[in-house]
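An overview of the molecular structure
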Amino acid sequence: SRNRTAPKDESDAFTIAFTDIQSSTALWAEAPEAMAPALDHHHALIRRLCSKHNGYEVKTIGDAFMIAFRDARDAVELACALQFDFYSDKTWSAQIDHAYLEMDHRATQTLKAEERAMYSIALGQEDYGRVWNGLRVRVGVHTGFGEIKKDPVSHGYDYYGTVVNTAARTEAIAHGGQVILTGACVAAAGVDPSRLLECGPVLLRGVNEPVSMFQLNTVPNRVFPFLRIENAQKRDDELDEIASVATSTDSRQRSTHSGTNNNLPLALQYRRAAAKSTILAMSAVTVSYTHLTLPTKRIV
């Protein structure tokens, strides 16, 4: 049945993932003919991944998915597979990539060269296709304890509490094409440190302590700007319907990159070099599990 994979026991930790399309409103304005079939395909791809990776689709709000998992490892693998599946799909309209490039161009006109290098507009056409293709979906994942309710009419499960709010806030600070995991998720899933880039602690409203954040490296050679701390505040109204979401700023965020260097073209080398200069300044590039803790077992 549909509820087979749903977390049902509040005494067990569960994992929540949120997904959302980058700049979907702008895409509808700039490429309306392409977006209708693209959105249908987006939903089909994510639902196929839910089935494959034991994810329970809690709900969708527009183009955002809320997915619950009993096992954090399934959530991490779904998030990784999502980026590769979306990138490798050959059915996306070229209008979508064109629209994203136009948006990046407008967003970076006033930036310095090293900041502009973190956006896709810095790539040539050939290099762009090696990193980006089609819809850009951001993913945020968190593990913890929360309230579980079964709807008496639909017989579906829904999830509430800090675990949901934190997962939604985590997704909100990510960029399209990026996967951000909290430290609790990393610890619960036992993610290989070689797959991660530490992004530093983020102070979230309603959470007493800063939350450790990690980028899950997926499609090689992707480079991202700073986490969207300020932009996340603008998404409160969208996310309130599914989780009371808000974010506050943290000036200590770091630029992030994904993948490995394999004789990259010049534009990509420049982007990676800019990211590397920031990464080398970090106190620990290799993830250490000594400062990550699993969610404390709920006492009932």
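Refer to the preceding data block for the structure.
Note that the structure is a prediction, hence the values are computed from the model and not measured. (Residues numbered from 1 in each chain as written. Predicted model: local features only at pLDDT ≥ 70, side-chain atom pairs only at ≥ 80, totals over all residues. Heavy atoms only, no water.)

The grouping of Arg4, Lys8, Arg70 and Lys150 at the surface amounts to a positive patch. The topology assignment puts Arg70 in the loop between β3 (64-69) and α3 (72-88). (Patch = residues over 30% accessible without salt bridge, like charges linked within 9 Å, V, L, I, M, F, W, Y side chains within 5 Å. Areas by Shrake-Rupley, 256 points an atom, 1.4 Å probe, with all protein chains shown as cover. Salt bridge = Lys/Arg side-chain N within 4 Å of Asp/Glu carboxyl O. Lys, Arg positive; Asp, Glu negative; His and termini not counted. Charge placed at Lys NZ, Arg CZ, Asp CG, Glu CD. Helix = DSSP H or I, 4+ residues; strand = E, 2+ residues; numbered from the N terminus.)

Counting residues in hydrophobic clusters, the biggest one holds 47 residues, and the most contacted among them are Leu27, Leu135 and Leu181. No other element matches the nine residues that α3 contributes to this core. When neighbours within four sequence positions are excluded, Leu181 is seen to be in contact with Val76, Val141, Val186, Val191, Leu196, Ser212, Met213, Phe214 and Leu216. Residues Phe14, Val58, Tyr159 and Ala168 belong to the second largest nonpolar core, which totals 15 residues. (Core = buried A, V, L, I, M, F, W, Y, C linked by side-chain atoms within 4.5 Å. Buried < 20%, exposed > 50% of the residue type's maximum accessible area, 1.4 Å probe, protein only. Contact = heavy atoms within 4.5 Å.)

According to the stated counting rule, one finds nine salt bridges in the structure shown. Here Lys59 and Asp158 are joined by a salt bridge, their closest N and O atoms 2.7 Å apart. In this pair, Lys59 sits in strand β2 (residues 56-61) while Asp158 sits in strand β6 (residues 157-160), placing the two residues 99 residues apart along the sequence. The buried category is assigned to Asp158, whose relative accessible area is 14%.

Let us look at the pairing of strand β1 (residues 14-21). Of all eight residues that make up β1, eight are buried, and the element is covered over most of its length. Burial along β1 is two-sided: Phe14, Ile16, Phe18 and Asp20 and Thr15, Ala17, Thr19 and Ile21, pointing in opposite directions, are all buried. As defined by bridge partners, β1 adjoins strand β4 (residues 137-144) across eight bridges and the pair is classed as antiparallel. Considered in β4, the bridge of Ile16 is made with His142. Note: β1 against β3, five bridges, orientation antiparallel. Bridge pairing in β3 places Phe18 opposite Met66. (Pairing = 2+ DSSP bridges.)

Before going further, it helps to examine the sheet that holds β2. Backbone-to-backbone hydrogen bonds pair the strands of a sheet. The strands run either parallel or antiparallel. Within the open sheet, the seven strands sit side by side as β2-β3-β1-β4-β7-β9-β8. Their pairing is mixed. Sheet topology places β2 and β8 (196-202) at the edges, where each strand pairs with a single neighbour. Taken over all neighbouring pairs, the strand axes of this sheet differ in orientation by 20° on average, direction set aside. Of the strands in this sheet, β1, β2, β3 and β4 are in contact with helix α2 (residues 32-52), which crosses β3 at around 5°. In this fold helix α7 (residues 162-173) packs onto β1, β3, β4, β7 (179-182), β8 and β9 (211-216), with an angle of close to 150° to the strand it touches most, β4. (Axes fitted to C-alpha atoms, helices over the stretch in contact; angles between N-to-C directions.)

A word on the packing of α2 against α3. Angle between the axes and distance between the axes: these two values describe a pair of packed helices. Following both chains from N to C, one finds α2 and α3 inclined at 140°, their axes separated by 10 Å at the closest point. When the axes of α2 and α3 are compared, the crossing they make is right-handed. Along the contact surface, α2 presents His42, Leu45, Ile46, Arg48, Leu49 and Cys50, while α3 presents Leu78, Ala81, Leu82, Asp85 and Phe86. Here the residues of the contact of α2 with α3 sort into eight nonpolar, one polar and two charged. (Left-handed = near helix turned anticlockwise from the far one by under 90°. Nonpolar A, V, L, I, M, F, W, Y, C, P; charged D, E, K, R; others polar.)

With respect to the helices and strands, Asp89 occurs in the loop between α3 and α4 (94-108). There is no salt bridge for the buried Asp89, and the closest opposite charge comes from Arg48, which lies 5.8 Å off by N-O distance. Setting aside residues up to four positions removed in sequence, Asp89 forms contacts with His41, Leu45 and Asn133.

Secondary-structure assignment places Trp92 in the loop between α3 and α4. Sequence-wise, Trp92 and Gly134 are 42 residues apart; in three dimensions their C-alpha atoms are separated by 5.1 Å. Here Phe86 takes part through its backbone oxygen, which lies 2.8 Å from a polar atom of the side chain of Trp92. (Polar contact = N/O pair within 3.5 Å; in protein donor to acceptor, adjacent residues only side chain to side chain.)

So, on to α7. Counted at 1.5 Å a residue, the expected span for α7 with its twelve residues is 16 Å, and the 17 Å between its end C-alpha atoms agrees. The buried fraction of α7 amounts to eleven of the twelve residues, a majority that puts the element mostly inside the structure. (Expected span 1.5 Å × (residues − 1).)

This part takes up empty space enclosed by the protein. Within the structure shown, the criterion is met by one cavity of 30 Å³ or more. Surrounding the largest cavity, Gln83, Phe86, Tyr87, Trp132, Asn133, Gly134, Leu135, Arg136, Val137, Gly177 and Arg222 form its lining. Residues of the lining of the largest cavity, tallied by class, amount to five nonpolar, four polar and two charged. (1 Å grid on protein atoms, 1.4 Å probe; cavity = no way out; pocket = protein on both sides within 12 Å on 5 of 7 lines; lining within 4 Å. Points joined across faces, edges and corners; volume = space filled by probe spheres on them.)

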